[in-house]
Amino acid sequence: MCNRSVSCVMLLLVIAGQAIAEDSLRTRLNDTHADQADVWVYNDLRQGMADAKKQNKPLFVTFRCVPCKDCAAFDADVANGNQAVLKLARDRFVSVRQVEMKGVDLSLFQFDYDLNWAGIFLNPDGVIYARYGTQSSEGADAYNSIDGLLATMNRVLELHANYPENREELDDKRGPVKPIASALELPGLRNRPKYAEQTTKQNCIHCHNIHDAEHQQALDEGRYSWKMMWKYPLPERIGVKIDRRDGVKITEVVAGSAAATAGLVVGEDIVRMEGQRVTSIADIQWVLHHRPGTATQVIVETNRSGSHTLKLADDWKRDDFSWRASMWNAPPRFQAWAPALPDAGRAKLGIPESDSALEVRWINRPSAGGLQAVADGLRENDVIVGVGGKTLRWNTRQFNAGLKQEYRVGDVLPLTVLRDGRREELMIKLVE
């Protein structure tokens, strides 16, 4: 109870102001999963850090892009559905639900920003315990599960109980300090004035906008390469498959792979990589992300067979990045939306089932690329059936990913399209 009436009033006003701000943001984003107010500190990392320090608990921060449909079911389970997660989040952690990137310290919270849901576990002093959240071309939820999250949470509690004696195996889990740690100040961020306004669904800084800005800055500085898309490699890139509901147990060692050559064994757990304690697939990806994409090696320690040095070949990070949201703004940009033609439309045009067909539904005419495409003959309702003189075998995402790998700004993109039953050969200059 306050001893001074003025202090009481000021404290109540601050609390009321925070509650109003939280409710307003929830409403503006239509965040229907943010019901468990007794579990989650809402979008306030500073408050979460202060509470964690006061209570001597580890911090559990979830990053969620509310407008995105991908990972919505998993987010609902974590935020207000699964009782086992909620009990741990309430009783053993200080838990924060972060729904925008504007106030996030990018030096502290480093992860794969193309994810639609990500979890970071840390000590209130800023030491990172673990990361959770993985995505791939298999789908947004192919790697995420409540069982996997619970396994990581329990490993984090063990790490926290042994901290700071285990500090050495945690130090490298926090990335290097960023020269610019605010999303709004990133040199490559487009539409800065719009993002600086009050957050709504229309101007929320999505996690992937961080990667967008990084790519744009690299482009402006003349150091961009499409290989920058090979981020956060999956364990499969080194030759192991991990139990997705466990996070560290090896379920398969691919014959002839670096892992097989080094002697990793099915059934054992990966305990450390490059000296860092591993609690999840995301932790494995964090280590691999910071290894060079050229020929290199990585040290893997397991609970049974000990330490192994895996020798990785050049371009070992090569993978399908067509699922990444940050792919769309990377150059060259095909400024048209062309989803797959429905089966009925394919049958009507006599397109074999083995071939792909993309129907141009919309051309971004205000953009330089859209204007150029129209000038070079592209029209709405055109059906793309070939690229570079070859029959199309890609879906929409693969088409755009292939474009970025095989062409550069200034190149000409040869397209074969069907228009009014006739085949047309177009030469689209890629200008952006």
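Since the structure is predicted, the reported quantities are computational estimates derived from the model, not experimental observations.

Visitor: Where do I start with the environment of Val127 in this structure?
Guide: Locating Val127 in the fold gives a position in the loop between strand E4 (117-122) and strand E5 (128-132). A relative accessible area of 6% means that Val127 is categorised as buried. Separated by 45 residues in the primary sequence, Val127 and Asp172 have C-alpha atoms spaced 9.1 Å apart. Dropping the residues within four chain positions of it, Val127 is found in contact with Leu122, Tyr163, Arg167 and Leu170.

Visitor: Would you take a moment to explain helix H12 (residues 396-406) for this structure?
Guide: Counting along an α-helix, one turn takes 3.6 residues, and residues three or four places apart therefore face a common direction. For H12, the set of buried residues is Thr396, Phe399, Asn400, Ala401, Gly402, Leu403 and Lys404. Where H12 begins, the side chain of Asn395 points an oxygen toward the backbone nitrogen of Arg397, at a separation of 3.1 Å.

Visitor: Explanation requested: the packing of aromatic side chains in the structure shown.
Guide: Each pair of aromatic rings is reported with the distance of its centres and the angle of its planes. What the rule picks out here adds up to 13 aromatic pairs. Judged by centre distance (5.0 Å) and plane angle (80 degrees), the ring pair of Phe74 and Trp117 falls under edge-to-face. In this pair, Phe74 is assigned in helix H3 (residues 72-81) and Trp117 in strand E4, connecting sequence segments 43 residues apart. You can call Trp117 buried: its relative accessible area is 1%. Here Phe111 and Tyr113 contribute two aromatic rings whose centre-to-centre distance is 4.7 Å and whose plane-to-plane angle is 65 degrees, an arrangement assigned as edge-to-face. Relative accessible area serves as the criterion here: at 4%, Phe111 is assigned to the buried category. Classification of Tyr113 as buried rests on a relative accessible area of 3%. Taken together, the aromatic side chains of Trp40, Phe60, Phe93 and Phe121 make up a single cluster linked through ring pairs. Above the face of the Trp286 ring, Arg131 is positioned so that its terminal group lies 3.6 Å from the ring centre.

About the thresholds
Residues numbered from 1 in each chain as written. Predicted model: local features only at pLDDT ≥ 70, side-chain atom pairs only at ≥ 80, totals over all residues. Heavy atoms only, no water. Helix = DSSP H or I, 4+ residues; strand = E, 2+ residues; numbered from the N terminus. Buried < 20%, exposed > 50% of the residue type's maximum accessible area, 1.4 Å probe, protein only. Contact = heavy atoms within 4.5 Å. Polar contact = N/O pair within 3.5 Å; in protein donor to acceptor, adjacent residues only side chain to side chain. Phe/Tyr/Trp six-rings, centres within 6.5 Å; stacked < 30°, edge-to-face > 60°. Lys NZ or Arg CZ within 6 Å of the ring centre and 35° of its normal.

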